[in-house]
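# What the coordinates show
Here's the letter readout for the chains.
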Amino acid sequence: SIHSFPTRRSSDLSSNPPRFKFTLRPEQQRSLFWMVQQEGENVEPFVEEEVEEASIPLLGWRAEGRASKAKVIRGGVLADQVGYGKTVTTLGLIDMQRNSDEKSTKEDVHGLIPIKATLILVPSQLPDQWFSEVRKFLPSSYKVTVLKSLASVDKYSVEDFQQADIIIASWSICEGDNYLFKLAQFAGDRKSVV
């Protein structure tokens, strides 16, 4: 089924991110307003619906079953046009959420390593460009880790990742058979490594 999403009104402007070095353009502030709403606590539920039909032509019977379930889904896809400033708007969202992320307490789950960083997966040719954009728009107090290849993961400790605010990674890191082995090694899972 098709669902419509609310259109962004010209009055729906976000304030500029608190630590941003530049002022966002109005169209970027509208996109940022929408992104903050999508990540917030009062997200409108998305209604998932399944429809099944069956018929018995000889008897002239037709049956239809319909089931729906409301789900709260945070996030979304920012699909503004080329040149609209999707990268800077995304960095603005990270900056807007920095204080709220620091205040929220994550539930400890046995066997998982808590990390506060925002992970940005990019094509293999873009990690340096994203790093440059982070440095251009956000203050140097943001700790950024860049992972261009699977081999670069070995240079970092668990503590390095826990201290990072942003991790920029080439999506090539997640490709190939060696990925799960390296992940198990990094996490210290002896059963998977041996």
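As a starting point, this report considers the structure included with it. (Residues numbered from 1 in each chain as written. Predicted model: local features only at pLDDT ≥ 70, side-chain atom pairs only at ≥ 80, totals over all residues. Heavy atoms only, no water.)

## Looking at the pairing of strand β4 (residues 144-147)
In β4, alternate side chains face the same way, and those of V144 and V146 on one face and T145 and L147 on the other are all buried. By the bridge criterion, four bridges tie β4 to strand β5 (residues 166-170) in an arrangement that is parallel. Counted as the bridge partner of V144 is I166 from β5. The handedness of the β4 to β5 crossover, carried by helix α4 (residues 158-163), is right-handed. (Buried < 20%, exposed > 50% of the residue type's maximum accessible area, 1.4 Å probe, protein only. Helix = DSSP H or I, 4+ residues; strand = E, 2+ residues; numbered from the N terminus. Pairing = 2+ DSSP bridges. Right-handed = clockwise from strand over helix to strand, strands pointing away.)

## Focus on the pattern of salt bridges
Summed over all chains, the structure comprises 10 salt bridges. Two residues, D95 and R19, come together in a salt bridge whose shortest N-O distance is 2.9 Å. Remark: R19 occurs in the segment before α1 (26-39) and D95 occurs in helix α2 (residues 86-103); sequence separation between them is 76 residues. Exposure remark for D95: the relative accessible area of 0% places this residue in the buried category. A salt bridge links R98 to D165; the nearest nitrogen and oxygen atoms lie 3.3 Å apart. Note that R98 is positioned in helix α2 and D165 in the loop between α4 and β5, a separation of 67 residues in sequence. What emerges from the salt-bridge pattern is a single network uniting E49, E53, R62, E64 and R66. (Salt bridge = Lys/Arg side-chain N within 4 Å of Asp/Glu carboxyl O.)

## A closer look at the packing of aromatic side chains
Enumeration over the complete set of coordinates arrives at three aromatic pairs. Between the aromatic rings of F22 and F137, the centroid separation amounts to 5.4 Å while the plane-to-plane angle is 70°, which identifies the pairing as edge-to-face. Of this pair, F22 sits in the segment before α1 while F137 sits in helix α3 (residues 127-137); the two residues are 115 residues apart in sequence, bridging distant segments of the chain. Here F22 falls in the partly exposed class, since its relative accessible area comes to 43%. Judged by its relative accessible area of 11%, F137 falls in the buried class. Aromatic pair Y156 and F161: ring centres 5.6 Å apart, planes at 55°, arrangement tilted. A relative accessible area of 6% places F161 in the buried class. Put simply, the rings of F20, F22 and F137 touch in pairs and so form one group of aromatic residues. (Phe/Tyr/Trp six-rings, centres within 6.5 Å; stacked < 30°, edge-to-face > 60°.)

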